[in-house]
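Structure at a glance
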Amino acid sequence: MAEFGELVLVLGDLHIPHRAAAIPEKFNCMLVPNKMQHVLCTGNLVSHEQLEELKALAPNVHVVRGDMDEACPSSLPASAPFPDTKVVTIGELRLGLCHGHQVLPWGEAAALDGLARELDVDVLITGHTHKQQVSERGGALVPEPGQHLGSILEPGGGGGGGGERRCPASFCWQCRGPRSCATCTRRRSRVPWT
Amino acid sequence: MALNIDQTKFLEEAMRKVKEQAFYMKHAMDNEDLKGTLTHASDMLRELRTGLLTPKSYYELYMKVLDELRYVEDYFTGLQKQGKPVVELYEKVQSCGNVLPRLYLLITVAGVYIKSLEAPARDILKDLVEMSKGVQHPMRGLFLRNYLSQVSRDKLPDVGTPYEGEEGGSVQDAYEFILQNFSEANRLWCRMQQQPTNAHNKDKKRREKERQELRILVGTNLVRLSQLQGVEAATYKEHILPRLLEQVVQCKDTLAQSYLMECIVQVFGDEFHIATLDLFLAACTQLKEKVNVRAILEGVMDRLATFAEANPAAIPPHLRTFDMFNTCVSKLLEERPGYSVVEVLRLQASLLNYALHSFPGNLEYLNLALGNCATALADKRAAHQEQAVIVAPLPFALDSEGVEVVERLLTLPLACLALKVLELPHFASLLEFLPWASRRQVGVTLLQAVYNSRAKLSDLESVEKLLEMVVPVIKEEPSSVLGSEEGQALRRQQNGEGGVEDAEEEDEAGASRSRGGGSTGSTENGKARRLEEEQLLLGRLVHVMASPDTDMHFRFLTVARRHFSEAPKDRFQYTFPPLVLATLQLVQRVRRREVAAEGADGKQEGDTQGGRAASEGASEQAAAEDGNGVLGLKKRDVPGVQFGCRKLFQAVHEMLTSLAPHFANLALKLFLEAAQAADRCEADAFKLISYEFVTQAFLLYEDEVTDSKSQIRALTAMIGTLLQARHFDESDYDALSTKVTQYAAKLLKKPDQCRMVALASHLFFVGRADEPGHYHDPKRVIECLQRSVKTADMCMASSQHMHLFVEVLNHYLYFYECGCPTVTEKYLSALVAFINDKRNEAALVGGGPAEGSSRAAEIEAYYKNTLDYIRLKKTQTDNKELADRFSAIQV
């Protein structure tokens, strides 16, 4: 692989300290600063401390608001509350970020598809369901690797490739863990999967 | 002043004479006049006999003389090389009349003599050390012996030197020589204080100061000893240290004892100390009253602790070094009751530090050290209270220094012990002596250490102990002014946050309020921030407690809840969500146990259960009023499970009920979480509980949720929860869905109404027709959607209305794809045509890009993507039926 591209850490629904005392150790040991260029977080950090930790990991940290972030007065930076949705352009990909509790019925691909259309994105990353899945409506389904804490998404060809290399070259599923997952839904109409 | 001027005068005069004599001496050397050289040299040396100079000035003079003596040494060396026997010189200098000059000259020649190897070093050294006794004036003698030590430094018969041998002597002669020189020097040094004097206190003090300045002359001898290559630990133990200690103990001089003991600790190697610890400690207890033995002991312990840390296993356990230290410390404290509490604590802190580094993991030692402190403090308190009866009823309190030491004592072992601290009974008892704020600080450090160690609490006793230890983190100090201030700061901060939320809704008043709130002082903000951090830290504790036994696990949670409930109510927002969510997580495990147990009971049990639940559903009003009644209604024991799901849900209900008055939005959200958890139990028996939780959320919505942003969030969560639910009775589901739809329709702002009613439409079309528990009411789906379109149409003024139309179109599409019979292609085609009309209208008016072109472009993209999607579906080949249906839509 000539071009490794930029590494993107995708994670969310950490719920610390609501549902867990800490990020599972196996995953935590991979959270090394300056490895990733982007951190995309689908929300529910719940505490300030977690946000600070993410900010230490990569120069670009994008966070959207989770349902527990809304409910807890303590979890949001009062000066700049997280938005509901965010569109991040990495390489030539438009990535949509949303926690997903706003999209009903929860976790349903048809409904998430609608959000992807609204945000006009190639890849939609959502959380909330606490399940790890990458689905492509109407096309081949990327095998669901079970319950994982997060994923590292690498859009191929940081600068070299043409249109063919626009899609993610790989999803590196990282560590096992009981919760905190991110779902990626990808719009078929935009870029063909390889 | 006068003294200084005199000193300068005396020194100048002496220096002048030294220079003069040195000049003549060198002149004689050039003339190879041995006799003249010796005469002038001894005249020069005679200046050292002065009694007028202070140690400082004398030292200056001494250094000058030493410079000149180097010429004499070179001259003698030259003579020796020319073939003159050194013994002749050695004899010759002894004819010098005065003892001091004679001895300086003798030592100088002796250096050359030993170096020439013409005589055994042993004999000459012995000779010198004996003859030096001729000078008994303390200061002159000390300097002379220092000269001896300096000249002989590189001429000792140490191992590996040319002076060692049958004749020259061995390392034993070397250390014997140094030891003797040391003991003579020390004797002189001690005598300085006993010199006859007018017994003026001022005089005594001055003399003590002068002695301080001269101590290095004695200490140098110890450095020489430590530099001997041939001395090993055994020799040191057998022959050297006992002599040193004897000298130290017997001199009975406070200054000498303090200095020399410290010197011994500093100068000799760690291995030597370990080998001789018993001797050293024994001497420590025999020192004079005023000697700071504490400092000496601390010095050894800290030194060995550092050594042990760098060289694990360097201290053999069989030596029982800890016991030795401990015994010594106890004996010392027993014999010297005059130590202050802080001094006692300091000593114990060093002991603890030693144990911690030398014997990591030895809880017994740590506990012992902590226990010693606790006892010392308890004694002090008892004494204080006895006094207090007579004087004043002030409570016993440590001073700030004592607090600092105890805090250090307690935090020291945390990093390496973490949860094992619970096995130290004295840890908790010592903690009690600290003021609230310090206990809180220790508590925070303890929690952090526990999390860092990733240890789990798995027995009830540990859970209770740990919670008891961190009580100051949980609660405010009983009747404390400080605590309430913190509470106020926090409340103020929350108001500030509320203001920002308002600002988001373009509420100018709110924005200015938040700005005002922000400037009310950073210390209060800092306090509130610290409190928040501490409470979040506390929340994590809930997930550190774990037991494979669900009953035990629930007990843990109950204990934590009992503690957390005693906190000020504004802290519930941090500690209750973890408790509630952990209980709901536990529900799943308990349920699995129950299902396993019920499996044995047979199936008909579940059926009757469902029937009863349905009949009770009718009395929903009563249930809503008395939630606990519903939850506790059917106490049906499952064999082997003490705390069933029902019990857990009851606990959740209670917690949320106490949270609700203070944090309505949070409680509402958690009620809905609880409802989902109850529904996930997958049994008819729990649908009523689920219903109760949803009802509570609805009540909160009606009574407490007032701002439109929170309303939208609450409604979204409510719809989402109902959509997830699979076990409601149809009538209950219907009632709840209708209610949510009504809430949505009653929202204040039209765009909100439009969106929420569209979302609510999903409530009436759940699951595929072939799925069990599906719920289809197509008529109401289309009603909702139509109402949304109408409402969107009313939002003409707002730029949002195009967006709203496209949003609703996407909802139509969703239902069309799902096969909802009332949502026909007719509606879709019409809506698409309608949107196209609106776009054309806008284009004609020329408004298009005028109003925020990026926003307009976004809406365009959204619409285009939606139409693309319809077109794509038309050509989809893998689902012919769906493609046909989509083909009917006119785009």
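Below is a summary of the structure that appears in this document. (Residues numbered from 1 in each chain as written. Chains lettered and ligands numbered in written order. Predicted model: local features only at pLDDT ≥ 70, side-chain atom pairs only at ≥ 80, totals over all residues.)

With that settled, consider helix 3 (residues 55–81) of chain B. All names here are of chain B. Helix length check: helix 3, at 27 residues, gives a terminal C-alpha distance of 38 Å against a target of 39 Å (1.5 Å per residue), a fit within 8%. Listed as buried for helix 3 are Ser-57, Tyr-58, Leu-61, Tyr-62, Val-65, Leu-69, Val-72, Tyr-75, Phe-76 and Leu-79. Looking one or two residues past helix 3, Gly-83 carries a phi angle of roughly 110 degrees, positive in sign. (Helix = DSSP H or I, 4+ residues; strand = E, 2+ residues; numbered from the N terminus. Expected span 1.5 Å × (residues − 1). Buried ≥ 20, exposed ≤ 12 C-beta atoms within 10 Å, placed from the backbone.)

Turning our eyes to something else, we now look at the interface of chain B and chain A. With 41 residues of chain B at the contact, the number on the chain A side is 32 residues. Among the secondary structure elements, those contributing two or more residues to the side of chain B that touches chain A are helix 24 (481–504), helix 26 (522–541), helix 28 (572–601), helix 33 (664–680), helix 35 (708–724), helix 39 (801–818) and helix 41 (853–874) of chain B. Within the side of chain B that touches chain A, the residues separate by chemical class into 18 nonpolar, 14 polar and 9 charged. (Contact = placed C-beta atoms within 7 Å. Nonpolar A, V, L, I, M, F, W, Y, C, P; charged D, E, K, R; others polar.)

Let us now look at the packing of helix 39 of chain B against helix 41 of chain B. All names here are of chain B. Two numbers describe how helix 39 lies on helix 41: the axes approach to 10 Å, and their chain directions differ by 20 degrees. When the axes of helix 39 and helix 41 are compared, the pair comes out roughly parallel. Crossing of helix 39 against helix 41: the hand is left-handed. Residue-level inspection shows Met-802, His-803, Val-806, Leu-809 and Asn-810 of helix 39 in contact with helix 41, the latter providing Ile-859, Tyr-862, Tyr-863 and Thr-866. Residue classes in the contact of helix 39 with helix 41 are distributed as 6 nonpolar, 3 polar and no charged. (Axes fitted to C-alpha atoms, helices over the stretch in contact; angles between N-to-C directions. Parallel < 35°, antiparallel > 145°, perpendicular 65-115°, else oblique. Left-handed = near helix turned anticlockwise from the far one by under 90°.)

Here the residue pair Ile16(A) and Pro17(A) is connected by a cis peptide bond, since its omega of 10 degrees sits within 30 degrees of zero. Positionally, Pro17(A) belongs in the loop between strand 1 (8–11) and helix 1 (25–28). At the junction of Leu104(A) and Pro105(A), the peptide bond is cis and its omega measures out at -10 degrees in the coordinates. With respect to the helices and strands, Pro105(A) occurs in the loop between strand 5 (93–98) and helix 4 (109–119). Although it is not a glycine, Lys252(B) adopts a positive phi angle of roughly 50 degrees. Note on placement: Lys252(B) falls in the loop between helix 10 (233–251) and helix 11 (254–267). Within the chain, Arg320(B) stands out as a residue other than glycine whose phi angle is a positive 50 degrees. With respect to the element layout, Arg320(B) can be found in the loop between helix 14 (293–310) and helix 15 (321–335). You can call Arg320(B) partly exposed: it has 13 C-beta atoms within 10 Å.

Attention shifts here to the pairing of strand 4 (residues 85–90) of chain A. Residues and elements named next belong to chain A. Taken together, the 6 bridges between strand 4 and strand 5 define a ladder with antiparallel strand orientation. Bridge assignment links Val-88 to a residue of strand 5, and that residue is Leu-95. Linking strand 4 back to strand 5 in an antiparallel pair, the connection comprises 2 residues, with Gly-91 at a positive phi of about 60 degrees. (Pairing = 2+ DSSP bridges.)

What follows is about the nonpolar core. With 290 residues, the main nonpolar core has Val109(B) and Ala674(B) as its most contacted residues. No fewer than three residues from each of domain 1 (1–117) and domain 2 (120–192 + 205–218) of chain B sit in this core. (Core = buried A, V, L, I, M, F, W, Y, C linked by C-beta atoms within 7 Å. Domains from an automatic or database assignment.)

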